Amino acid sequence: MTPATRQEVLGLYRKVLRIARTWQSASGQTEETMREKEYIRNEARTLFRKNRNVTDPKLIKQCIEECEARIEIGLHYNIPYPRPIHLPPMGLAHKQGRTLRHQEKLRKISKPIYLKSHDEVS
């Protein structure tokens, strides 16, 4: 990892922790705000520690993009949790054949960037 990339990653980590410190839930309830703040901190720790030893520049870039996307979506919608996606079962198959393996491949391709690591951690 280059020093510039390291600084960018550490800056993102600090940004997430600052967001967690100043987070206010949409409902304004103290209990919910505390739960959401704790979720943000735990999710950041888990994902950043999981990816600590990543050395591939493309994978690092993908993780940075995912982090930035989750930050923007969380701030925009005022929810810290990943937004769900709704894909109907067998809704992505080609007209020629509907094999399960092909469906799984299409689902993986169609998954938004902000959910790439969510299934691995949850």
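Reading the values: the criteria
Residues numbered from 1 in each chain as written. Predicted model: local features only at pLDDT ≥ 70, side-chain atom pairs only at ≥ 80, totals over all residues. Heavy atoms only, no water. UniProt positions renumbered as here; feature names shortened; annotations may be inferred. Patch = residues over 30% accessible without salt bridge, like charges linked within 9 Å, V, L, I, M, F, W, Y side chains within 5 Å. Areas by Shrake-Rupley, 256 points an atom, 1.4 Å probe, with all protein chains shown as cover. Salt bridge = Lys/Arg side-chain N within 4 Å of Asp/Glu carboxyl O. Lys, Arg positive; Asp, Glu negative; His and termini not counted. Charge placed at Lys NZ, Arg CZ, Asp CG, Glu CD. Helix = DSSP H or I, 4+ residues; strand = E, 2+ residues; numbered from the N terminus. Buried < 20%, exposed > 50% of the residue type's maximum accessible area, 1.4 Å probe, protein only. Core = buried A, V, L, I, M, F, W, Y, C linked by side-chain atoms within 4.5 Å. Contact = heavy atoms within 4.5 Å. Axes fitted to C-alpha atoms, helices over the stretch in contact; angles between N-to-C directions. Parallel < 35°, antiparallel > 145°, perpendicular 65-115°, else oblique. Left-handed = near helix turned anticlockwise from the far one by under 90°. Nonpolar A, V, L, I, M, F, W, Y, C, P; charged D, E, K, R; others polar.

The name given to the chain in an unreviewed UniProt entry is LYRM1 protein, with Rhodinocichla rosea as the source organism. What the UniProt record of the chain gives under Sequence similarities (unreviewed entry) is the line "Belongs to the complex I LYR family."

**As for a positive patch on the surface**
Together, Arg 14, Lys 15, Arg 18 and Arg 21 line one region of the surface with positive charge. Along the chain, Arg 18 falls in helix α1 (residues 3–22). Assessed through its relative accessible area of 42%, Arg 18 is described here as partly exposed.

**Re the nonpolar core**
One finds Leu 12, Val 16, Ile 19, Ala 20, Trp 23, Ile 40, Ala 44, Val 54, Ile 60, Ile 64, Cys 67 and Ile 71 forming the largest nonpolar core, which totals 12 residues. Taken together, the elements giving at least two residues each to this core come down to α1, α2 (30–50) and α3 (57–77). Here Ile 71 is in contact with Leu 12, Lys 15, Val 16 and Ile 19, once residues within four sequence places are set aside.

**Let's talk about the packing of α1 against α2**
Relative orientation of the contacting elements α1 and α2 amounts to 165°, with a least axis distance of 8 Å. When the interaxial angle is binned, α1 and α2 end up roughly antiparallel. Taken as a pair, α1 and α2 cross one another with a handedness that is left-handed. Mapping the contact onto sequence places Val 9, Leu 12, Tyr 13, Val 16, Leu 17, Ala 20 and Arg 21 in α1 and Lys 37, Ile 40, Arg 41, Ala 44, Arg 45 and Phe 48 in α2. Split into classes, the residues belonging to the contact of α1 with α2 amount to nine nonpolar, no polar and four charged.

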